[in-house]
Amino acid sequence: MAESRKQLIVEAACACFLRKGYHQTGVRDIAAEAGISLGNLYNHFSGKEAVLAEIAALEAGDLAPFIAHLQAEGDPAAALTRFAGAYLDFAGRPENALMTLELVAEAVRNPAIAATFAGNRQGLLAALVGLLEQGGDSGRLRRCAFPAETANVILDLVEGQALRAVLGEVAQTAPARAELLDFIAHALQVA
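Residues numbered from 1 in each chain as written. Predicted model: local features only at pLDDT ≥ 70, side-chain atom pairs only at ≥ 80, totals over all residues. Heavy atoms only, no water.

Peer 1: In this structure, what is going on with the overall build of the chain? I would like to understand it.
Peer 2: What the chain contains, in helices and strands, is 9 helices and 0 strands. Listing the helices and strands of the chain from first to last along the sequence gives α-α-α-α-α-α-α-α-α. Principal-axis analysis of the C-alpha atoms places the extent of the chain at approximately 60 × 30 × 30 Å. For the chain, the residues scored as buried account for 38% of the 191 residues in total. Within the chain, counting contacts between residues at least 6 apart in sequence, those at least 24 apart form 69% of the total. Summing over all exposed atoms, the chain offers an accessible surface of approximately 9,800 Å²; the carbon and sulfur share of this is 57%. Computing the positive centroid from 15 side-chain charges and the negative centroid from 22, the chain places the two 3 Å apart. (Helix = DSSP H or I, 4+ residues; strand = E, 2+ residues; numbered from the N terminus. Buried < 20%, exposed > 50% of the residue type's maximum accessible area, 1.4 Å probe, protein only. Contact = heavy atoms within 4.5 Å. Areas by Shrake-Rupley, 256 points an atom, 1.4 Å probe, with all protein chains shown as cover. Lys, Arg positive; Asp, Glu negative; His and termini not counted. Charge placed at Lys NZ, Arg CZ, Asp CG, Glu CD.)

Written as structure tokens, this is what we have:
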């Protein structure tokens, strides 16, 4: 019961953060959205920042399948394309893109939140670096002089495209998706 109440609070917080923004949301708003008393919320979380920390912990679970894509056996080039497509789909969901904006804004202001989310991204980057190095060693991908920087660029491309699509700056179409995936694949192809 306590775990389901905690999940209810997290879901209510996400709804509030998406609707009003992190800074405009108070703990009373979260409690009201969850349909619980303020005291009940404080039984599970010390405050709004603690709820955000729980969301960060849950994000690590959301990223686990993408890390698994990158660490799966098989052709590194195909794994990279599968990963980039799946991650683009995930990052391009409006609720994920908007939550990312809220979290990035708060991470700039709050070093503890920044550290938590940076840890999540580091896990994803480490798996992507591993794939790039494996692909370079096997001759299936172009060997990168700076695989960590290349991995960051790939994530930036995917996340940027997803965010621009949600903001309406680019069309979220199959050709736009294919163009991005084709660009990543061709950039890392063996010459």
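Peer 1: Honestly, the domain arrangement of the chain in this entry has me stumped. Any pointers?
Peer 2: The extent of an interface is frequently quoted as the accessible surface area lost upon association of the parts. Annotation of the chain at the domain level lists domain 1 (1-45) and domain 2 (56-188). Contacts between domain 1 and domain 2 engage 8 residues on the former and 7 residues on the latter. Of all residues in domain 1, the largest losses of buried area upon contact with domain 2 belong to Leu18, Tyr22 and His23, amounting jointly to 66% of the total for that side. There are 0 salt bridges connecting domain 1 and domain 2. Applying the counting rule to domain 1 against domain 2 returns 3 residue pairs in polar contact (both at pLDDT 80 or more). When grouped by side-chain class, the residues that make up the side of domain 1 that touches domain 2 number 5 nonpolar, 3 polar and no charged. (Domains from an automatic or database assignment. Buried area = accessible area lost by both parts, 1.4 Å probe. Salt bridge = Lys/Arg side-chain N within 4 Å of Asp/Glu carboxyl O. Polar contact = N/O pair within 3.5 Å; in protein donor to acceptor, adjacent residues only side chain to side chain. Nonpolar A, V, L, I, M, F, W, Y, C, P; charged D, E, K, R; others polar.)

Peer 1: Is there a simple way to explain the nonpolar core in this structure?
Peer 2: Taken as a class, soluble globular proteins show a tendency for nonpolar side chains to be buried jointly. One finds Phe83, Tyr87, Leu124, Leu128, Ile184 and Leu188 to be the most contacted residues of the largest nonpolar core, which totals 30 residues. Listing elements by their share of this core, those giving two or more residues are α4 (48-71), α5 (76-91), α7 (111-138), α8 (147-166) and α9 (174-188). Tallying contributions element by element places α5 first for this core, with 8 residues. Filtering out sequence-adjacent residues up to four positions away, isoleucine 184 remains in contact with Leu80, Ala84, Ile154, Leu157 and Val158. (Core = buried A, V, L, I, M, F, W, Y, C linked by side-chain atoms within 4.5 Å.)

Peer 1: I would appreciate a short explanation of the side chain of threonine 25 in the present structure.
Peer 2: Tracing the backbone through its elements, the reader meets threonine 25 in the loop between α1 (2-20) and α2 (27-34). Beyond its immediate chain neighbours, meaning those up to four positions away, threonine 25 contacts Cys16, Phe17, Lys20, Ile30 and Lys48.

Peer 1: Can you walk me through the layout of surface pockets in this structure?
Peer 2: Picture a little ball the size of a water molecule; that probe, rolled over the atoms, points out where space is still empty. Computed from the structure, the largest pocket encloses a volume of approximately 840 Å³. Lining the largest pocket are 32 residues, with Glu59, Asn96, Met99, Thr100 and Leu103 sitting closest to its centre. Contributions of two or more residues to the lining of the largest pocket are made by α1, α4, α5, α6 (94-109), α7 and α8. With 9 residues, α6 is the single largest residue contributor to the lining of the largest pocket. In terms of domain composition, the lining of the largest pocket takes at least three residues from each of domain 1 (1-45) and domain 2 (56-188). (1 Å grid on protein atoms, 1.4 Å probe; cavity = no way out; pocket = protein on both sides within 12 Å on 5 of 7 lines; lining within 4 Å. Points joined across faces, edges and corners; volume = space filled by probe spheres on them.)

Peer 1: Sorry if this is basic, but what is going on with the UniProt feature "domain: HTH tetR-type" (unreviewed entry) in the chain here?
Peer 2: Sequence positions flagged by UniProt for "domain: HTH tetR-type" (unreviewed entry) are, in local numbering, residues 3-63. Segment residues 3-63 splits into 80% helix and 0% strand. End C-alpha atoms: 21 Å apart. (UniProt positions renumbered as here; feature names shortened; annotations may be inferred.)

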